[in-house]
There are 2 protein chains.
Amino acid sequence: SLIKECTQDLSTSHELPPMEKKWIIDMLEYNVKGGKMNRGLMVVQSGEVIIRSQGREPSEDDLKKLAVLGWCIEWLQAWLLVADDFMDSSQTRRGQLCWYKKEGVEEIAINDAFLIEMLVYRVLKRHFWTEPYYVDLLDLFMETTFQTECGQLLDLQCKNIGLEDFTYKRWELIVKYKTAFYSFYLPVALGMAVAGIKNQSAYDAAREPLLVMGVYFQAQDDYLDAFAPPETLGKIGTDIQDKKCGWLFVQAYHDLCTPEQKAFLDEHYGKCKVQTEEEKKIKAIYEEIGLQKKYEDYEQKSFQDIMAYQSQVVEAGLPWEIIEIFLKKVYKRSK
Amino acid sequence: SLIKECTQDLSTSHELPPMEKKWIIDMLEYNVKGGKMNRGLMVVQSGEVIIRSQGREPSEDDLKKLAVLGWCIEWLQAWLLVADDFMDSSQTRRGQLCWYKKEGVEEIAINDAFLIEMLVYRVLKRHFWTEPYYVDLLDLFMETTFQTECGQLLDLQCKNIGLEDFTYKRWELIVKYKTAFYSFYLPVALGMAVAGIKNQSAYDAAREPLLVMGVYFQAQDDYLDAFAPPETLGKIGTDIQDKKCGWLFVQAYHDLCTPEQKAFLDEHYGKCKVQTEEEKKIKAIYEEIGLQKKYEDYEQKSFQDIMAYQSQVVEAGLPWEIIEIFLKKVYKRSK
Ligand SMILES: [Mg+2]
Ligand SMILES: [Mg+2]
Ligand SMILES: [Mg+2]
Ligand SMILES: [Mg+2]
Ligand SMILES: [Mg+2]
Ligand SMILES: [Mg+2]
């Protein structure tokens, strides 16, 4: 496995003692597994679809490369989540305790997040060093990381601004950067790179519908944070407690609430703990004002927006299927 | 300035609102300035010395490139320290409050550390994208980062092991990785890269004495943490409170203490707060057992060890001066 491969020589190359080597292996096992692996599989699927659209069957080597890059996104996501859970003081993730909450881990989780980040680049070096597109891969991972960090900054700054600044526009900006680039654009872009696509305009054409999809995906995530049972979610939703600029809140606060409901949000949003009466009341307000319906309308609208990109994608020489397969998956999740 | 250069286009390229752009600028100003800039200056000086040893005068372009790389190390150090201070729960740094201790920052400091890390790669891309050694620069920064993170892991794991495992060998391993690579080898290696040096053996020859110097440098840092006044140190030394595997402790515990002194260390090391009677007593023990003298002996020995590398460095085609200038600075610091 990749974990073995990228840790086995650390005893000699980096003089790492057995305990620290075991720490890194256990830390990787704990954090890179147990997810739905959507992003990793997207790399493989988009790569396959594009290569077939070029009139050839993916080789063993293509499939190996796509699988490695798929794992690289999963590892990227792993460190993003380790750091995010620490910053958000989250309790659980994927149905287990957050890594930093484990005894003996705590603040070491921060260094662990940085370590996983560098291990991704070590994997890339090992597998792609001699490829002509190696620098492009590095560039893609680094640019996407930076975009995600900009999104995290926008998200984290919400603690320093007032609720009146939690606008729909701000929400959209946050989620585009903190989620859409790494979760939707990056997997497809990596598939394109392995398929040998070089012209920037093809990457641009794919990016637009994928970002719309990614933004919708986060709306779904925000919706589920409030309304999905914790067993389904794999964690306890804390967006209300954490004063998150979520899709539900921005609609409620600026568009749909009565003055009394808005006053209740002003008084309790971001101040009430998870599962208190106040938090439940906020969720009840969300239901009363018809956010369920508004969410369904938004879902349909974003679906149609994506479909409108079909000709642009095809004209860029890409098979529409690379968008369609993920479209089906994402829009099935909530139904 | 570099800060302006790498933030000015974020409003458009990354749709960053004014508040977040200002945050990044302020955050950089706060964390990359105010240091002694030793590492940054080392890049410029080693580059100049090597280029002159090649029989030419450094061009404007050489000097510009060396200065940019110098700042890149300072920025690398900035994010390492932002993250380190958070993980160590430190209070002050360079005579001011640690970044994460500022009101409104707290956990955002973690994302800020990741942001600075990526900004370094954006600076490298902007200035070196077309250079034949661009990938080598990326590789050098990434490998050094990984080494430093391994060192941090070794350091942080000290909270999970017993004092009997705080050996001199472990101390040496920790500091070689967490300090010596990025503080001593990286600056010289960057100077060599700009000077056009390509053969790996020259880098290997330079690395050995520089790592010895870096290890001594950290011994000095550990020594000063206990014995330098906070005004000189720019922060309050917390190594005893933090149960650090420091140069003073490993000597004391395993070699120099009486059973009674050792028992006192067992009882209070890593458990007493800064400036309590117990912490002062531990420092008094360090003095009683003659650690001052032992430190001076170690200083002299490491100095001689470095001098013994002279022929090896010269045979690799490098001017001995690149070692000597830093040797003089580092060994002057404590006198
Ligand atoms: Mg979170
Ligand atoms: Mg978060
Ligand atoms: Mg969520
Ligand atoms: Mg520290
Ligand atoms: Mg530390
Ligand atoms: Mg220190």
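These figures come from a predicted structure and were not determined experimentally. (Residues numbered from 1 in each chain as written. Chains lettered and ligands numbered in written order. Predicted model: local features only at pLDDT ≥ 70, side-chain atom pairs only at ≥ 80, totals over all residues. Heavy atoms only, no water.)

Colleague: So what's going on with the overall build of chain A? Residues and values would help.
Modeller: Looking only at helices and strands, chain A has 16 helices and two strands in total. At 21 Å, chain A has a C-alpha radius of gyration in line with the 20 Å of a compact globule built from 335 residues. Buried residues in chain A amount to 58% of all 335 residues. Nonlocal contacts in chain A, meaning residues at least 24 apart in sequence, comprise 74% of its contacts between residues at least 6 apart. Accessible surface computed for chain A: about 13,600 Å², of which carbon and sulfur atoms make up 52%. (Helix = DSSP H or I, 4+ residues; strand = E, 2+ residues; numbered from the N terminus. Rg over C-alpha atoms; globule rule 2.2 N^0.38 Å. Buried < 20%, exposed > 50% of the residue type's maximum accessible area, 1.4 Å probe, protein only. Contact = heavy atoms within 4.5 Å. Areas by Shrake-Rupley, 256 points an atom, 1.4 Å probe, with all protein chains shown as cover.)

Colleague: Would you mind going over the relation of the copies chain B and chain A in detail, with residue names and values included?
Modeller: Laying chain B over chain A is done by rotating through 180 degrees and shifting 0.0 Å along the axis; what remains is an RMSD of 0.0 Å. The symmetry that links the two subunits is that of a two-fold axis. By residue overlap, the copies meet face to face through one surface: 100% of the interface positions of chain B are interface positions in chain A. (Least-squares fit on C-alpha atoms with pLDDT ≥ 70 in both.)

Colleague: I'd like to hear about the coordination of the magnesium ion (ligand 1), residue by residue, with values.
Modeller: Residue and element names in this part refer to chain A. Coordination sphere of the magnesium ion (ligand 1), protein contribution only: Asp-84 (OD) and Asp-88 (OD), at 2.0 to 2.1 Å. A separation of 3.3 Å is found between the magnesium ion (ligand 1) and the magnesium ion (ligand 2), both of which receive a donor from Asp-84. Pair check on accessibility: Asp-84 and Asp-88 agree, each one buried. (Donors = N, O, S within 2.8 Å, 3.2 Å for Na, K, Ca; no water.)

Colleague: Just give me the short version of the confidence of the model for chain A, but keep the residues and values in it.
Modeller: With 99% of its residues at a pLDDT of 70 or more, chain A has an overall mean of 95. With pTM at 0.96, the complex prediction returns an ipTM value of 0.96. (pLDDT = per-residue confidence, 0-100.)

Colleague: Residues and numbers for the packing of helix H4 (residues 38–53) of chain A against helix H16 (residues 321–332) of chain A, please.
Modeller: Residue and element names in this part refer to chain A. For the pair H4 and H16, the least separation of the axes is 9 Å and the interaxial angle reads 145 degrees. The chirality of how H4 crosses H16 is right-handed. Together, Met-42, Gln-45, Ser-46, Val-49 and Ile-50 of H4 and Glu-321, Ile-322, Ile-325, Phe-326 and Lys-329 of H16 make up the contact between the two elements. Looking at side-chain class alone, the contact of H4 with H16 contains six nonpolar, two polar and two charged residues. (Axes fitted to C-alpha atoms, helices over the stretch in contact; angles between N-to-C directions. Left-handed = near helix turned anticlockwise from the far one by under 90°. Nonpolar A, V, L, I, M, F, W, Y, C, P; charged D, E, K, R; others polar.)

Colleague: How would you summarise the packing of helix H12 (residues 259–268) of chain B against helix H13 (residues 277–288) of chain B if you had to cite specific residues and measurements?
Modeller: Residues and elements named next belong to chain B. Look at H12 against H13: their axes get within 11 Å of each other, and the N-to-C directions meet at 145 degrees. Note on packing geometry: the crossing formed by H12 with H13 is left-handed. Contacts between H12 and H13 involve Gln-261, Phe-264, Leu-265 and His-268 from the former and Glu-278, Lys-281, Ile-282, Ile-285 and Glu-288 from the latter. A class-by-class count of the residues in the contact of H12 with H13 yields four nonpolar, two polar and three charged.

Colleague: Talk me through unusual backbone geometry; I want residue IDs and the actual numbers.
Modeller: Residues and elements named next belong to chain A. For Ser-89, which is not glycine, the phi dihedral falls at a positive 50 degrees. Within the secondary structure, Ser-89 sits in the loop between helix H5 (60–87) and strand E1 (92–93). A positive phi angle is found at Gln-275, which is not glycine, with a value near 65 degrees. Note on placement: Gln-275 falls in the loop between helix H12 (259–268) and helix H13 (277–288).

Colleague: Got a sec to walk through the interface of chain B and chain A? Specific residues and values, please.
Modeller: Listed per partner, the contact involves 55 residues of chain B and 55 residues of chain A. Note on chain B versus chain A: buried area summed over both sides is about 5,100 Å², and carbon and sulfur give 70% of it. Joining chain B to chain A, the criterion identifies twelve salt bridges. Residue Asp-139 of chain B pairs with Lys-125 of chain A through a salt bridge whose shortest N-O separation is 3.0 Å. For the pair chain B and chain A, the interface holds 24 residue pairs in polar contact (both at pLDDT 80 or more). Contributing elements (two or more residues each) for the side of chain B that touches chain A: helix H2 (10–13), helix H3 (18–32), helix H5 (60–88), helix H6 (108–128), helix H7 (134–156) and helix H8 (168–194) of chain B. Residue contributions to the side of chain B that touches chain A peak at 15 residues, all from H7 of chain B. The residue inventory of the side of chain B that touches chain A, partitioned by class, reads 32 nonpolar, nine polar and 14 charged. (Buried area = accessible area lost by both parts, 1.4 Å probe. Salt bridge = Lys/Arg side-chain N within 4 Å of Asp/Glu carboxyl O. Polar contact = N/O pair within 3.5 Å; in protein donor to acceptor, adjacent residues only side chain to side chain.)

Colleague: Could you give me a rundown of the pattern of salt bridges, with the residues and numbers involved?
Modeller: Pairing between side chains of opposite charge can happen when the charged atoms of each approach one another. Scanning the model with the defined rule gives 48 salt bridges over all chains in all. In this structure, Asp-297 of chain A engages Lys-293 of chain A in a salt bridge whose closest nitrogen and oxygen atoms are separated by 2.8 Å. Of the two residues, Asp-297 of chain A and Lys-293 of chain A are both situated in helix H14 (residues 291–307); the distance of four residues between them amounts to about one turn of the helix. The salt bridge partner of Glu-5 of chain B is Arg-126 of chain B, with a shortest N-O separation of 3.5 Å. Note that Glu-5 of chain B is positioned in helix H1 (residues 2–7) and Arg-126 of chain B in helix H6, a separation of 121 residues in sequence. Given the relative accessible area of 44%, Arg-126 of chain B is considered partly exposed. Three or more residues are tied together by salt bridges with common partners; here these are Asp-88, Asp-155, Lys-178 and Lys-244 of chain A.

Colleague: Now, about helix H7 (residues 134–156) of chain A: what can you tell me, with residues and values included?
Modeller: In an α-helix there are 3.6 residues to a turn, and that puts residues three or four apart on one side. Under the 1.5 Å per step criterion, the end-to-end length of H7 of chain A is 33 Å for 23 residues, consistent within 8% with the ideal 33 Å. Of all 23 residues that make up H7 of chain A, 20 are buried, and the element is covered over most of its length. (Expected span 1.5 Å × (residues − 1).)

Colleague: How would you summarise the side chain of Arg-170 of chain B if you had to cite specific residues and measurements?
Modeller: Its location among the elements puts Arg-170 of chain B in helix H8. If we ignore the near neighbours within four places in the chain, the residues touching Arg-170 of chain B are Glu-20 of chain A together with Leu-154, Gln-157, Cys-158, Ile-161, Asp-165 and Cys-245 of chain B.

Colleague: Can you break down the packing of aromatic side chains residue by residue, with the values?
Modeller: All names here are of chain B. Taken as a whole, this structure holds 44 aromatic pairs over all chains when the rule is applied. Look at Tyr-168 and Trp-171: their rings are 5.3 Å apart centre to centre, the planes differ by 45 degrees, and that puts the pair in the tilted class. Taken together, the positions of Tyr-168 and Trp-171, both in helix H8 and three residues apart, correspond to about one turn of that helix. For Tyr-168, a relative accessible area of 31% gives the class partly exposed. Measuring from centroid to centroid gives 5.1 Å for Phe-303 and Tyr-331, while their planes differ by 80 degrees, and the two rings are edge-to-face. (Phe/Tyr/Trp six-rings, centres within 6.5 Å; stacked < 30°, edge-to-face > 60°.)

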